[in-house]
Amino acid sequence: MEDEKRLAVSLAKGLTAEGYAVDVVHDGLEGLHRASESPYDLIVLDIMLPGMNGYRVCAALRAAGNDVPILMLTAKDGEYDEAEGLDTGADDYLTKPFSYVVLVARVKALLRRRGSAGRANPVHTVGPYAVDTAARRVTHADDGEVPLTAKEFAVLEQLVARAGEVVSKGDILEHVWDFAYEGDPNIVEVYVSALRRKLGASLIRTVRGAGYRLEIPR
């Protein structure tokens, strides 16, 4: 199981570098509890878990009405197979060993599919900017693409999703970093400042004691 733990940590580091907030759980029962209590955008679920295997976790989530996209990591030795994973309600599968590039592509495809099911257009217009949450890029009407880091885009995405509303620093930390983050919460201010430099100081307003609000230019 140590190999499985190393794989999980490695994948988490890679996905974090892509701009995703990632929680890692090494036990099936704990994973089921965490997934039941917290809203996740996607779950990468290994079948080889102590306590409760991935198939049972997936089946339990589906039985409870949880429709979070699930990417199942299946074994290569034939003991488990992708058909069983899909039968229990998984949305996609990868057989180990797999390419990390392929895993990221599958993750992005599942997130795009989930996004398109909830809204017809993943492109949000914010003044002269178009924020494409599927392609994860921002373009200016006159100046073309605005280069953002993965974390900068993730912070912006949280503000765009609730444009006109106040989004607390805690909400941003929870969705852009992860539950185990113990660093300085002022890291959010650093990224908001970077976004203001790139997109204009007036676009994101600080609401003292409450958080930030993305202003929609009229």
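Residues numbered from 1 in each chain as written. Predicted model: local features only at pLDDT ≥ 70, side-chain atom pairs only at ≥ 80, totals over all residues. Heavy atoms only, no water.

Broken down by element type, the protein carries eight helices and 10 strands. Contacts in the protein between residues far apart in sequence, at least 24 positions, make up 51% of those at least 6 positions apart. Of the accessible surface of the protein, which amounts to about 11900 Å², a share of 50% is contributed by carbon and sulfur atoms. (Helix = DSSP H or I, 4+ residues; strand = E, 2+ residues; numbered from the N terminus. Contact = heavy atoms within 4.5 Å. Areas by Shrake-Rupley, 256 points an atom, 1.4 Å probe, with all protein chains shown as cover.)

Moving on, we come to the nonpolar core. Counting residues in hydrophobic clusters, the biggest one holds 24 residues, and the most contacted among them are Val 138, Leu 156, Ile 172, Leu 199, Ile 204 and Leu 214. Put simply, the parts of the chain that give this core at least two residues each are strand E5 (129-132), helix H6 (150-161), helix H7 (169-176), helix H8 (187-199) and strand E10 (211-214). Of all the elements, H6 adds the most residues to this core, at six residues. Residues in contact with Ile 172, not counting those within four places in the same chain, are Val 155, Leu 159, Val 167, Trp 177, Val 188 and Tyr 212. In this structure, Leu 32, Ile 43, Leu 61 and Ala 75 belong to the second largest nonpolar core, which totals 16 residues. (Core = buried A, V, L, I, M, F, W, Y, C linked by side-chain atoms within 4.5 Å. Buried < 20%, exposed > 50% of the residue type's maximum accessible area, 1.4 Å probe, protein only.)

Turning our attention to the packing of helix H2 (residues 28-37) against helix H3 (residues 54-63). Where H2 meets H3, the closest approach of the two axes is 10 Å, and the angle between their N-to-C directions is 25 degrees. By the angle between their directions, the pair H2 and H3 is classed as roughly parallel. In this structure, the crossing between H2 and H3 has a hand that is right-handed. In contact with Gly 28, Leu 32, Ala 35 and Ser 36 of H2, H3 contributes Val 57, Ala 60 and Leu 61. (Axes fitted to C-alpha atoms, helices over the stretch in contact; angles between N-to-C directions. Parallel < 35°, antiparallel > 145°, perpendicular 65-115°, else oblique. Left-handed = near helix turned anticlockwise from the far one by under 90°.)

With that settled, the discussion passes to the sheet that holds strand E9 (residues 204-207). If you walk across this open sheet you meet the three strands as E8-E10-E9, and the pairing is antiparallel. A strand with exactly one partner marks an edge of an open sheet, and here the two such strands are strand E8 (166-167) and E9. Taken together, the two bridges between E8 and E10 define a ladder with antiparallel strand orientation. Bridge pairing links Val 166 to Arg 213 in E10. Each of E8, E9 and E10 is contacted by H6, which is oriented at about 70 degrees to E10, the strand it contacts most. (Pairing = 2+ DSSP bridges.)

So, on to the pairing of E9. Bridge analysis of E9 against E10 gives four bridges, and the strand direction is antiparallel. Bridge assignment links Ile 204 to a residue of E10, and that residue is Leu 214. The loop that links E9 with its antiparallel partner E10 comprises three residues; one of these, Gly 209, has a positive phi angle of about 75 degrees.

Now for H7. Among the residues making up H7, those that are buried are Ile 172, Leu 173 and Val 176. End-on view of H7: buried residues confined to an arc of 100 degrees, all on one side of the axis. The inward-facing, buried residues of H7 abut H6, E8, H8 and E10. (Arc of directions from axis to C-beta.)

The next point concerns H3. Every α-helix carries 3.6 residues per turn, so stepping three or four residues along brings you back to the same face. For H3, the complete set of buried residues consists of Gly 54, Tyr 55, Val 57, Cys 58 and Leu 61. Taken around the axis of H3, the buried residues stretch over an arc of 165 degrees, which confines them to a single face. Capping the start of H3 is the job of one residue whose side-chain oxygen sits 3.0 Å from the backbone nitrogen of Tyr 55: Asn 53. Gly 65, located one to two residues past H3, shows a positive phi value of around 85 degrees. (Polar contact = N/O pair within 3.5 Å; in protein donor to acceptor, adjacent residues only side chain to side chain.)

On to the sheet that holds strand E2 (residues 70-74), then. Read from one edge to the other, the open sheet built from three strands follows the order E1-E2-E3, with strand pairing classed as parallel. Lying at the two open borders of the sheet, with one neighbouring strand each, are strand E1 (43-46) and strand E3 (92-95). With strand direction ignored, the average angle separating the axes of adjacent strands in the sheet is 25 degrees. Note that E1 and E2 share four bridges and pair parallel. Considered in E2, the bridge of Asp 46 is made with Leu 73. Across the sheet, H3 lies against E1 and E2, angled at about 160 degrees from E2, the strand it touches most.

Time to look at the packing of H7 against H8. Contact geometry of H7 with H8 gives a least axis separation of 10 Å together with a crossing angle of 90 degrees. One element, H7, and the other, H8, form an angle in the roughly perpendicular class. Of the residues in H8, those touching H7 at Lys 169, Ile 172 and Leu 173 are Ile 187, Val 188 and Glu 189. Among the residues making up the contact of H7 with H8, the classes are represented as four nonpolar, no polar and two charged. (Nonpolar A, V, L, I, M, F, W, Y, C, P; charged D, E, K, R; others polar.)

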